[in-house]
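Residue-level structural notes
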Amino acid sequence: MNSIRVRLGVLGLALLTGFTTPTAASAAQAAPSPTVEEQRLGRAAPQEILRRSGFDTAAPRLARALEGARSYGEARRAVTREGARLWQRAVDRAQGRGPAGGDLSRDDDRPLYWARLGMTRDVRTWEPEFGLTDGQRAALLDELERASRGQDAIRYPHGTGLKRILLTGFDPFTLDRDIRISNPSGATALALDGTVIETADGPARVETAVFPVRWQDFTDGTVERALRPHLPKVDLFTTVSQGRVGRFDIERTNGAWRGGFGDNENIGRTGTVPVSDPASQPQWTTTTLPYAAITAAQTGRFPVYDNTSVTEIPAGATESVVRPDGPTPGSTARAGGGGDYLSNEIAYRATLLRDRLGLHGTLPGGHVHTPVLQFALGNTTEVTDPEFVRNRLDIIAQVRAILKVAAETS
């Protein structure tokens, strides 16, 4: 049996598209090289983060399981098992269960991110003796992504008397600017997954998932596939991402436009957000979160704003303008309140799905932007510091408080 072969130092290919059900392999096909995102693993900061959290064992464990696989079916079971194991391990660590695995603070989302990339790299470059078709390899990667992001683990207890809240976060991004970056929305997802918030109306159970910062995954429908089974059954949902320095924003309006900023594969996309049935696609969707109550409440040390600003091309015009009070009738979107990147897009897709399911008037949902997670002043090299940890913990606590207010006033 061939061992895992990782080819580093080669320009990465974009993530395989079109996750389809694999057909039987007719002949072995050459394994692709690691992606741009996976190639960052070799740098010092990711290796330190993995080592100081104990998550440096995750990819080798999957590699051993793949080496022992004698068929595609065995490989798929191993990938699904180890992906789910990684997600649960990250959740347990964030919530204080089990060993810390090192001196990195438990609230850190980065071990999950970098460990997952080690695992996807191994699957992507694996060359088993029994051979893999491109479709089979893509399906393995898809299984690994879904399982290790909690997207397959969203489950609420049966019965009445319990509110159901769904929250999503994101991976770290802009890693070529600073490889040490953490994403407080991903950290929040880990900290709150499966937890119960006691509200004035009774307990509320939170389930979470994390999404990639990659345009192609959104084009392929990862958001809709993960959320569609659950939106009709929950009482509240919020997509969460990192936004502006020193403030939270409840984004009032989301726009159907991609602004082209590079993703974690250094790929940009510009144009209308691609969705099914584009003929009925609106330019704008709106939050149904109780933004007035949230912004009025004391939820933590960061101010919380009701952000109504958008960028539009007015009806009959050709140039874009900023509208501080929301879009005007017949306008074309160029940025929602949350901008024109993937945070705006997940908000747009989730709220459009809500509306297409006929839930606009009954399901509170929308997008929350957290403050930018900042290191201590002067820290330009260390992967963590006390202020960095404090900021992340305060953001997590404030998101939880916002959810409590939203649940009590919806």
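Predicted model, so just to flag it, every value in this text is computed and none were measured.

Some details on helix α4 (residues 72–94)
- Over its 23 residues, α4 extends 33 Å from the first C-alpha to the last, a length consistent with the 33 Å expected when each residue adds 1.5 Å.
- Of the residues making up α4, those classed as buried are Tyr72, Ala75, Ala78, Val79, Glu82, Gly83, Leu86, Trp87, Ala90, Val91, Arg93 and Ala94.
- Contacts from the buried residues of α4 go to α3 (58–68), α5 (110–125), α6 (134–148), α7 (184–192) and β3 (202–211).

Observations concerning the pattern of salt bridges
- Throughout the structure, instances matching the rule amount to 34 salt bridges.
- The salt bridge partner of aspartate 92 is arginine 97, with a shortest N-O separation of 2.9 Å.
- Its relative accessible area of 22% is what places aspartate 92 among the partly exposed residues.
- For arginine 97, a relative accessible area of 39% puts it in the partly exposed group.
- Arginine 349 serves as the salt-bridge partner of glutamate 345, at 2.9 Å between the closest nitrogen and oxygen.

Some remarks on the packing of aromatic side chains
- In total, this model carries 9 aromatic pairs according to the counting rule given.
- Each ring, one from phenylalanine 173 and one from tyrosine 341, has its centre 6.0 Å from the other, and the planes form 45°; the classification is tilted. Here phenylalanine 173 is found in the loop between β1 (163–170) and α7, whereas its partner tyrosine 341 is found in the loop between β13 (332–335) and α11 (342–356), with 168 residues between them in sequence. Of the two residues examined, phenylalanine 173 and tyrosine 341, each falls in the buried class.
- Between phenylalanine 211 and phenylalanine 218, the ring centres sit 6.5 Å apart and the planes meet at 70°, which makes this aromatic pair edge-to-face. Comparing phenylalanine 211 with phenylalanine 218 shows no difference in burial state: the two are buried.
- Among the aromatic residues, those joined into a ring-pair cluster are Phe173, Trp215, Phe261 and Tyr341.

With respect to the environment of lysine 233
- Position of lysine 233 relative to the elements: it lies in the loop between α9 (222–227) and β4 (236–242).
- Separated by 69 residues in the primary sequence, lysine 233 and arginine 164 have C-alpha atoms spaced 7.7 Å apart.

Describing unusual backbone geometry
- Positive phi values are uncommon outside glycine, yet asparagine 266 reaches one of about 60°.
- Relative to the helices and strands, asparagine 266 is located in the loop between β7 (257–259) and β8 (270–272).
- Phi is positive for aspartate 277, which is not a glycine, with a value near 50°.
- Position of aspartate 277 among the secondary structure elements: in the loop between β8 and β9 (284–286).

Brief notes about the sheet that holds strand β11 (residues 310–313)
- Spatial strand order, β12-β11-β13: 3 strands in an open sheet with antiparallel pairing. Each end of this open sheet is capped by a strand with a single partner; those strands are β12 (321–323) and β13. In this sheet, adjacent strand axes meet at a mean angle of 45° when their direction is disregarded.
- Here β11 runs beside β12; their pairing, made up of 3 bridges, is antiparallel. Of the residues in β12, the one forming a bridge with glutamate 312 is valine 321.

Cut-offs used in this document
- Residues numbered from 1 in each chain as written.
- Predicted model: local features only at pLDDT ≥ 70, side-chain atom pairs only at ≥ 80, totals over all residues.
- Heavy atoms only, no water.
- Helix = DSSP H or I, 4+ residues; strand = E, 2+ residues; numbered from the N terminus.
- Expected span 1.5 Å × (residues − 1).
- Buried < 20%, exposed > 50% of the residue type's maximum accessible area, 1.4 Å probe, protein only.
- Contact = heavy atoms within 4.5 Å.
- Salt bridge = Lys/Arg side-chain N within 4 Å of Asp/Glu carboxyl O.
- Phe/Tyr/Trp six-rings, centres within 6.5 Å; stacked < 30°, edge-to-face > 60°.
- Pairing = 2+ DSSP bridges.
- Axes fitted to C-alpha atoms, helices over the stretch in contact; angles between N-to-C directions.

Without other data, these values stay purely geometric and don't point to any function.
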